[in-house]
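Tertiary structure, described
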Amino acid sequence: MDHHYDGEENDYMQQEDDWDRDLLLDPAWEKQQRKTFTAWCNSHLRKAGTQIENIEEDFRDGLKLMLLLEVISGERLAKPERGKMRVHKISNVNKALNFIASKGVKLVSIGAEEIVDGNAKMTLGMIWTIILRFAIQDISVEETSAKEGLLLWCQRKTAPYKNVNIQNFHISWKDGLGFCALIHRHRPELIDYGKLRKDDPMTNLNTAFDVAEKYLDIPKMLDAEDIVSTLRPDEKAIMTYVSCYYHAFSGKQKAETAANRICKVLAVNQENEQLMEDYEKLASDLLEWIRRTIPWLENRVPESTMQAMQQKLEDFRDYRRQHKPPKVQEKCQLEINFNTLQTKLRLSNRPAFMPSEGKMVSDISNAWGALEGAEKGYEEWLLNEIRRLERLDHLAEKFRQKAAIHEAWTEGKETMLTQKDYETASLSEIKALLKKHEAFESDLAAHQDRVEQIAAIAQELNELEYYDSPSVNARCQKICDQWDALGALTQKRSEALQRTEKLLETIDQLYLEFAKRAAPFNNWMEGAMEDLQDTFIVHTIEEIQGLSTAHEQFKATLPEADKERQAILGIHNEIAKIVQTYHVNMAGTNPYTTINPAEINAKWEKVRELVPQRDQALIEEHARQQNNERLRRQFATQANIIGPWIQTKMEEIGRISIEMHGTLEDQLTHLRQYEKSIVNYKPKIDQLEGDHQQIQEALIFDNKHTNYTMEHIRVGWEQLLTTIARTINEIENQILTRDAKGISQEQLNEFRASFNHFDRKRTGMMDGEDFRTCLISMGYNMGEAEFARIMSIVDPNRLGVVTFQAFIDFMSRETADTDTADQVMASFKVLAGDKNYILAEELRRELPPDQAEYCISRMAPYTGPDAVPGALDYMSFSTALYGESDL
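Within each chain, residue numbers correspond to sequence positions counted from 1 in written order. Only residues with pLDDT of 70 or above have their local features reported here, since the model is predicted, and side-chain atom pairs are shown and tallied only from 80 upward, although totals for entire chains, interfaces and linings are computed over all residues. As a convention, hydrogens and water are excluded, and side-chain values are obtained from all of the structure's heavy atoms.

Description of the overall build of the protein chain
Secondary structure counts use DSSP, requiring at least four H or I residues in a row for a helix and at least two E residues in a row for a strand, with both numbered from the N terminus. The secondary structure content of the protein chain amounts to 32 helices and six strands. Each radius of gyration reported is based on C-alpha atoms, and the globular scaling rule is 2.2 Å times the count of residues to the power 0.38. For the protein chain, the C-alpha radius of gyration of 83 Å lies well beyond 29 Å, the compact-globule estimate for 887 residues. Over its C-alpha atoms, taken along the principal directions, the protein chain stretches across nearly 220 × 125 × 55 Å. For every residue, the accessible area (1.4 Å probe, protein chains only) is compared with the maximum for its type, and the residue is labelled buried under 20%, exposed over 50%, or partly exposed between those bounds. Every one of the 887 residues in the protein chain was classed for burial, and the buried ones make up 41%. Whether two residues are in contact is decided by their heavy atoms: any pair within 4.5 Å suffices. Pairs at least 24 residues apart make up 72% of the contacts formed inside the protein chain by residues separated by at least 6 positions. Throughout, the Shrake-Rupley method with a 1.4 Å probe supplies accessible areas, and for residues the shown protein chains are the sole cover considered. Roughly 48900 Å² of accessible area belongs to the protein chain as shown, and the carbon and sulfur atoms make up 52% of that amount. Within this scheme the basic residues Lys and Arg register as positive and the acidic residues Asp and Glu register as negative, but His and the chain ends are omitted. For charged residues, the charge sits on one atom: NZ in Lys, CZ in Arg, CG in Asp, CD in Glu. Separation of charge centres in the protein chain, based on 109 positive and 145 negative side chains, amounts to 11 Å.

Below, the structure written as structure tokens:
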């Protein structure tokens, strides 16, 4: 124990020494240490009847130092030197230091000379070393010792006091409650702890120091003021003082330690006994479970169904997942408990645990090994058996699937193969049925493998002794029997389809030949009927003769056409013969044509009926065209005479109106004679109208014998009548103009000569440019506006031409009196009494009633400055009147 401490203490002393070197320079701490260490030394020296006053002086000769060591160690030291010399003192101090070193304390930097010389720092360090070794080192609390043990003791003793928290040997004690708590914990009657306050450290510290000195024989080693005033009280001083508390209460501490030791020993025994009982029970339960489980695992009776075997496997998996893992844990825990128990027994110097018979760890391991072996064999057997049943189930399922697929495929196949749909089918349908049947035969051949596989699987199931083999065999036999029947029916249907195909191909060829010949023949008949019934429209003899020739040629082809008809009907009869002979049930008519023999015969008869009808129609049309030709020639003969006659008369009338032979009266007489001769020609026109009426009734639209049509003749005749009437009228107007204007015959002839000269187109009228040229030749000098004014007079209807009558009116006006308007205006002024306006009553008084009313209705109201109500503007009226007379 001392040896163990030496290492720790040496390290601790080294740390303390280093700490001292730095902090003993603090006067406050040095003061606290001096007082505390002096009081501690005196607490022991008084047992020898002495004490010290000054710590660094009173130990210089080594005598009291050796005495102190003897008191606190209970041992005798070497005899001291009694001399007063320095050497004697050094010798005594060395004896003391050697004694301290003999107790395993390493004195670092502390020499006898320095103690003898009164070195305070070294003296305090030496005393602290003594305190550590003899007052603190032996303190032991729960496997901790010295300073840590003392600190732990303080913490444990003050733990119930919530306002005390001992973490060190300096500031944790400043409030004094730690000291009071230690006293109260051991001697609660000495201190009323409830009255103490954390904020009154002086009272707390003095209370503790006084009570400790008075009742616990612990001298005052600390000063309350020093502790409170120091930021960090000296640790060594506090530890020294607190160690006195520990030793003061050590008697009670020893009793507690003894009780703890007894309890600890009893607890270890009780725990060990409990572990033994637990082991025994756990081992028994585990062995019993193994004993029950192994027979279950060794059962190798196979099941007949996969479901039952899978249930076994599921039970085994439950065993592996749910039942075994806890037992594995129990086995592991059993071994752990056993090893832990043996270790504890060995550490507590108890004899090793010996389990009951058959419950050793080795027994359990052997039983567990047997379980593992049975388990492994069982699992292998289960998997093999499941694989075997799986193989059987797989084969059985495969058999069922293939059988089901095959049965589904064969469903309805017998009905399909036995149907007689080919008896009413067309060739295209038969070919489709054959292709469909060929596809079915391929499908049938493809299914051969499946039938063989079904039989092979059934055989394998029998060999493996499948439990449901009878039903498999029955199903397999049914499939094989049905397969043979399908093969026979397939062959039979194939032969029937091929036979029907050949018959229908023969009929189809005949149908095709019939269609190829019947179609053009039918078209020929329809064309013939169309031609024979065609309503021909001809206009000449030549056209009707062409139609008659074509009809005769058509009649010449009829015998050959009848032969073709007989041949076509023969093809149809051949088809009917095949149908009747081979009992072919025809599904329909000829697919290549809709034409049938009845239709051909009906159309042929129709053609035969239409031929004589066409003959008669051509004869009648020929006679009609001969009559039309007679009418054309009759009309043309008259039209070719009347047309030129009208033209000649038109030209003669034109010459009379242009040429100036004789007086106007002579020309008028000549024209009236022409008019009489023209009127006398009217019966010939009427006769031509009669001939034209006959042509129209005969619907004759052209006539190659004449270029004249009735319309031409009518227009010419009407123009002739109009021209003669207009020419006579013009001559009459010229006579009126001549007489009214006083124009002489010579002037009139001159006007005519000028007009004829500029009538370049000889139409009896001048256009605008010819009229302009005529005016310029007559000496007129005029611009566009003046010419336009003149044209508005001579061509009021804006036709763009000037007639001879208009030309005469213009020329006679230009040469006559031009003051007419002024004369009329002057006459109105006379009637108005020399006023610039005239009243209605003045007009009614001076003029005849109708002329007066004419003037009143046309005169505008007068608006001059001298106007009176009812005043009329006769000046504007006179101007307008003059203008109207010009127009």
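What about unusual backbone geometry?
The backbone phi angle of Asp-217 is positive, close to 60°, even though this residue is not glycine. Inspection of the secondary structure puts Asp-217 in the loop between α10 (201-215) and α11 (224-229). With a phi close to 70°, Asp-834 is a non-glycine residue in the positive phi region.

So, the side chain of Asn-590
In this structure, Asn-590 sits in the loop between α20 (558-582) and α21 (597-658). Its relative accessible area of 9% is what places Asn-590 among the buried residues. In the analysis that follows, any N or O atom pair within 3.5 Å is treated as a polar contact, provided that within protein one partner can donate a hydrogen and the other can accept it, and provided that, for residues neighboring in sequence, both atoms belong to side chains. Separated by 3.0 Å, the side chain of Asn-590 and the backbone oxygen of Tyr-511 make a polar contact. Residue contacts for Asn-590: discarding those within four places in its chain leaves Tyr-511, Phe-514 and Ala-515.

Brief notes about the packing of helix α4 (residues 63-73) against helix α5 (residues 86-102)
Closest axis-to-axis distance for the α4/α5 pair is 8 Å, and the angle between their directions is 25°. In terms of orientation, α4 and α5 fall into the roughly parallel class. Pair α4 / α5 crosses with left-handed handedness. Contacts from Leu-63, Leu-65, Met-66, Leu-69 and Ser-73 in α4 reach Asn-92, Val-93, Lys-95, Ala-96, Phe-99 and Ile-100 in α5. In this classification, the charged set is Asp, Glu, Lys and Arg, the nonpolar set is Ala, Val, Leu, Ile, Met, Phe, Trp, Tyr, Cys and Pro, and all remaining amino acids, among them Gly, are polar. Partitioning the contact of α4 with α5 into residue classes produces eight nonpolar, two polar and one charged. To get an axis, fit a line to the C-alpha atoms, keeping to the stretch in contact for a helix; angles then go from 0 to 180 degrees between the N-to-C directions. Any angle from 65 to 115 degrees is called roughly perpendicular, while one under 35 is roughly parallel, one over 145 is roughly antiparallel, and all others are oblique. Two helices that cross are described as forming a left-handed crossing if the nearer one is turned anticlockwise from the farther one by less than a right angle, and a right-handed crossing if clockwise.

Here we look at helix α25 (residues 745-758)
A helix is expected to reach a length of 1.5 Å times the quantity of its residues less one. End to end, α25 covers 20 Å across 14 residues, agreeing with the expected 20 Å (1.5 Å per residue, within 8%). For α25, the complete set of buried residues consists of Gln-745, Leu-748, Phe-751, Arg-752, Phe-755, Asn-756 and Phe-758.

Focus on the pattern of salt bridges
Only one rule defines a salt bridge in this text: a Lys or Arg side-chain nitrogen within 4 Å of an Asp or Glu carboxyl oxygen. On inspection of all chains with the given rule, the structure shows 52 salt bridges. Put simply, Asp-217 and Arg-46 hold a salt bridge, and the shortest N to O gap is 2.8 Å. Of this pair, Asp-217 sits in the loop between α10 and α11 while Arg-46 sits in the loop between α2 (27-45) and α3 (55-58), placing them 171 residues apart in sequence. Take Asp-217: its relative accessible area is 52%, and that puts it in the exposed class. A salt bridge links Arg-400 to Glu-397, with the shortest nitrogen-to-oxygen separation between them at 3.2 Å. Linking Arg-400 with Glu-397, this pair stays in helix α15 (residues 361-410), spanning three residues, or about one helical turn.

Regarding the nonpolar core
Among the nonpolar cores identified, the biggest contains 79 residues, and Trp-40, Ile-127, Ile-130, Phe-179 and Tyr-245 are the most heavily contacted of them. Considering each element in turn, this core owes the most residues, 11 residues, to helix α7 (residues 120-136). Leave out the neighbours within four places in its chain, and Ile-130 touches Trp-40, Leu-65, Leu-69, Ile-72, Ile-100 and Ala-135. Nine residue types can take part in a nonpolar core, namely buried Ala, Val, Leu, Ile, Met, Phe, Trp, Tyr and Cys, and a core is a set of them joined through side-chain atoms within 4.5 Å.

A look at the packing of aromatic side chains
Aromatic pairing here means that ring centres of Phe, Tyr or Trp (its six-membered ring) are within 6.5 Å. Orientation follows from the plane angle: under 30 degrees is stacked, over 60 is edge-to-face, and everything else is tilted. A complete count under the given rule lists 28 aromatic pairs for this structure. Summarising the aromatic geometry, the rings of Trp-173 and Phe-179 are spaced 4.8 Å apart at their centres and angled 40° between planes, so their arrangement reads as tilted. Judged by its relative accessible area of 0%, Trp-173 falls in the buried class. Residue class for Phe-179 comes out buried when judged on its relative accessible area of 0%. An aromatic cluster is present here, built from Phe-169, Trp-173, Phe-179, Phe-209, Tyr-241, Tyr-245 and Phe-249 joined pairwise through their rings.

Concerning the packing of α2 against α4
Between α2 and α4, whose axes approach to 9 Å, the crossing angle comes to 65°. Between α2 and α4, the angle falls in the class roughly perpendicular. The two elements α2 and α4 cross, and the hand of that crossing is left-handed. Two secondary-structure elements touch here, α2 through Trp-40, Cys-41, His-44 and Leu-45 and α4 through Lys-64, Leu-67, Leu-68, Val-71 and Ile-72. Here the contact of α2 with α4 is built from residues that sort into seven nonpolar, one polar and one charged.

Re helix α17 (residues 427-463)
Counted at 1.5 Å a residue, the expected span for α17 with its 37 residues is 54 Å, and the 53 Å between its end C-alpha atoms agrees. By definition, a residue's bend is the angle between the axes fitted to the seven residues ending there and the seven starting there. Residue His-447 marks the point of greatest curvature in α17, where the axis turns by about 25°. Phi turns positive one or two residues past the end of α17, at Glu-465, with a value near 60°.

Observations concerning the state of the cysteines
Disulfides are defined as cysteine sulfur pairs within 2.5 Å. Counted according to the given criterion, the structure contains zero disulfides. The closest cysteine sulfur to the non-disulfide-bonded Cys-244 is located on Cys-41, 11 Å from its own sulfur. Cys-244 gets classed as buried once you look at its relative accessible area, which sits at 13%. Cys-476 takes part in no disulfide bond, and the closest cysteine sulfur to it belongs to Cys-480, at a distance of 4.3 Å. For Cys-476, a relative accessible area of 10% gives the class buried.

A few points about the environment of Lys-157
Within the secondary structure, Lys-157 sits in helix α8 (residues 146-158). The spatial distance from the C-alpha of Lys-157 to the C-alpha of His-184 is 9.7 Å, given a sequence separation of 27 residues.

Quick word on the confidence of the model for the protein chain
pLDDT is defined as a per-residue confidence score from the predictor, taking values between 0 and 100. Residues at a pLDDT of 70 or more form 93% of the protein chain, whose mean pLDDT is 83. Segment residues 1-25: pLDDT under 50, and 40 contacts once partners within four positions in sequence are set aside and those in other chains are kept.

A few points about the environment of Ile-405
Examined against the element boundaries, Ile-405 turns out to sit in helix α15. A residue is classified by how much of its surface remains accessible, and Ile-405, at 45% relative accessible area, is partly exposed. For the pair formed by Ile-405 and Arg-450, sequence separation is 45 residues and the distance between their alpha carbons is 9.2 Å.

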